[in-house]
Amino acid sequence: MYIRNAWYVAAFPREVGERPLARTLLDEAVVLWRLPDGRPIALEDRCCHRSLPLSMGRVVGDRLQCGYHGLEFDAAGTCVRVPGQATIPPGARVRAFPCVERWGFIWFWPGDPDDADPALIPNWWWATHPDWAINPGPVLYVRCNYQLITDNLQDLSHLAYVHTRTIGTGAIVDFPVKTEREDGLVRSTRWTVDSPAPPLFATASGYGDRPVDRWQIVETTPPCHTLIHAGCALAGVADRCGPPDGAGIHIKVLNAPTPETSGASHYFYAHCWNFRQHDADLKTLMFDEFKKTFEEDVDLLAAQQAMLDRAPGATQIDINVDAPGLACRRMVAAAIAAEADAAPRRA
Ligand code: FES
Ligand SMILES: [Fe+2]
């Protein structure tokens, strides 16, 4: 079960070019391609003639041509040419999904197209702002349910055990997390004060081994978009009311794990920073360290999912650090229930 009336990331822009891209998203076979003007298009990846994946065809001008008998489909999924005949059979169309490129991601909407308002895409403006540098990540394929990724991002206590080589320090677990629930948002906040910076931050900031105040403010909006405001400043500089203006180093981590199926996810992420933006060595360091960090999560999450599958009814206990993740799960469950309630009225 998924929230359907929502934007999900389908691909990075670099992945969608002249050749159609096949991707399973929320159990749906989707093909992504571009019009000559650059606009991304998402269609059902199944030809309405004899079901060949349209991703095996090719882009011909502003149409996608099936690779079997040459039927051509426009951006709306309508068949506009059948080779060798003048008429097009009624119903010759495939489903088209609303599709938008924004903030360095290509988003698609698997629900009711009439509700697909691009204003509902998370406002991740750092991705294109000239004062901020950005590293889009690789697409991580994670053999787990997408909600385990939200759990993981909303519980950064794990940095102290999983990511000690990059962004973790043992000090994190000594500072409690505060959870806030707003309409359509869960926010967890942790300040780790007067403590050593983690290895990546110590290097990137130039603070070395001087103690810092570190903030991690994690905001999740449905269905599964998690924005992390991360950074640190020399101890005593920040007032701990939020990321300080003009002090310290600031990193925004944009996370969009999209379900492939209930048991696997395409995990898209990028990180943005507002210091040493033109430093190529820092850019490489950030990319490598984040990738190393996230790949540690990939292995852990797959192992966790495999064990959950082996023992689906096994008892699990909850501890304090689970509060934000549990709040996110309740938020998603409520949205799914609301869609189920609304479906008969819309029919
Ligand atoms: S299967 Fe696509 S044109 Fe025949
Ligand atoms: Fe992690």
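Rules and cut-offs
Residues numbered from 1 in each chain as written. Chains lettered and ligands numbered in written order. Predicted model: local features only at pLDDT ≥ 70, side-chain atom pairs only at ≥ 80, totals over all residues. Pairing = 2+ DSSP bridges. Helix = DSSP H or I, 4+ residues; strand = E, 2+ residues; numbered from the N terminus. Buried ≥ 20, exposed ≤ 12 C-beta atoms within 10 Å, placed from the backbone. Contact = placed C-beta atoms within 7 Å. Domains from an automatic or database assignment. Core = buried A, V, L, I, M, F, W, Y, C linked by C-beta atoms within 7 Å.

Points about the sheet that holds strand β6 (residues 63-65)
Read from one edge of the open sheet, four strands run β5-β6-β7-β8, paired in antiparallel fashion. Each of the sheet's edge strands pairs with one partner strand only, and the pair in question is β5 (58-60) and β8 (79-81). Bridge analysis of β6 against strand β7 (residues 72-73) gives two bridges, and the strand direction is antiparallel. Paired with Gln65 across the two strands is Glu72, which belongs to β7.

Section: the sheet that holds strand β9 (residues 96-97)
Pairing between the strands of a sheet is mediated by backbone hydrogen bonds and can be parallel or antiparallel. Strands sit in the order β2-β3-β4-β9 across an open sheet of four strands; the sheet is antiparallel. The outermost strands of the open sheet, each flanked by one partner alone, are β2 (21-25) and β9. Here strand β3 (residues 28-34) pairs with strand β4 (residues 40-44) via five bridges, running antiparallel. Paired with Val31 across the strands is Leu43, a residue of β4.

Quick word on the environment of Pro199
Of note, Pro199 is situated in helix α3 (residues 199-205). Among the residues examined, Pro199 registers 16 C-beta atoms within 10 Å and is labelled partly exposed. When the C-alpha atoms of Pro199 and Thr164 are compared, they prove to be 8.2 Å apart, with 35 residues separating the residues in sequence. Excluding anything up to four places from it in sequence, Pro199 contacts Arg165 and Thr166.

Focus: the domain arrangement of the protein chain
Domain annotation of the protein chain identifies domain 1 (8-119) and domain 2 (125-336). Using only C-alpha atoms to locate each centre, domain 1 and domain 2 end up separated by 33 Å. Contact with domain 1, which involves twelve residues of that partner, is made by 14 residues of domain 2. Contributing elements (two or more residues each) for the side of domain 1 that touches domain 2: β1 (8-11) and β2.

Overview of the nonpolar core
Counting residues in each nonpolar core, the largest one holds 81 residues, and the members touching the most others are Tyr8, Ala10, Leu32, Ala42, Ile106 and Phe108. In terms of residues, this core owes the most to one element, strand β19 (residues 264-273), which gives six residues. Shared between two domains, this core holds at least three residues of each, these being domain 1 (8-119) and domain 2 (125-336). The residues contacting Leu32, other than those within four sequence positions of it, are Ala10, Ala11, Val16, Pro20, Leu21, Arg23, Pro40, Ala42 and Ile106.

Looking at the pairing of strand β17 (residues 225-234)
In regular strands, side chains alternate between the two faces of the sheet. For β17, the tally of buried residues reaches eight of ten residues, placing the bulk of the element in the interior. Note: strand β16 (residues 211-221) against β17, ten bridges, orientation antiparallel. The partner of Thr220 across the bridge, within β17, is Thr226. The antiparallel hairpin formed by β16 and β17 contains three residues in its connecting segment. Sheet topology note: the β17/strand β18 (residues 249-261) ladder contains seven bridges and is antiparallel. By the bridge assignment for β18, Cys232 is matched with Ile249.

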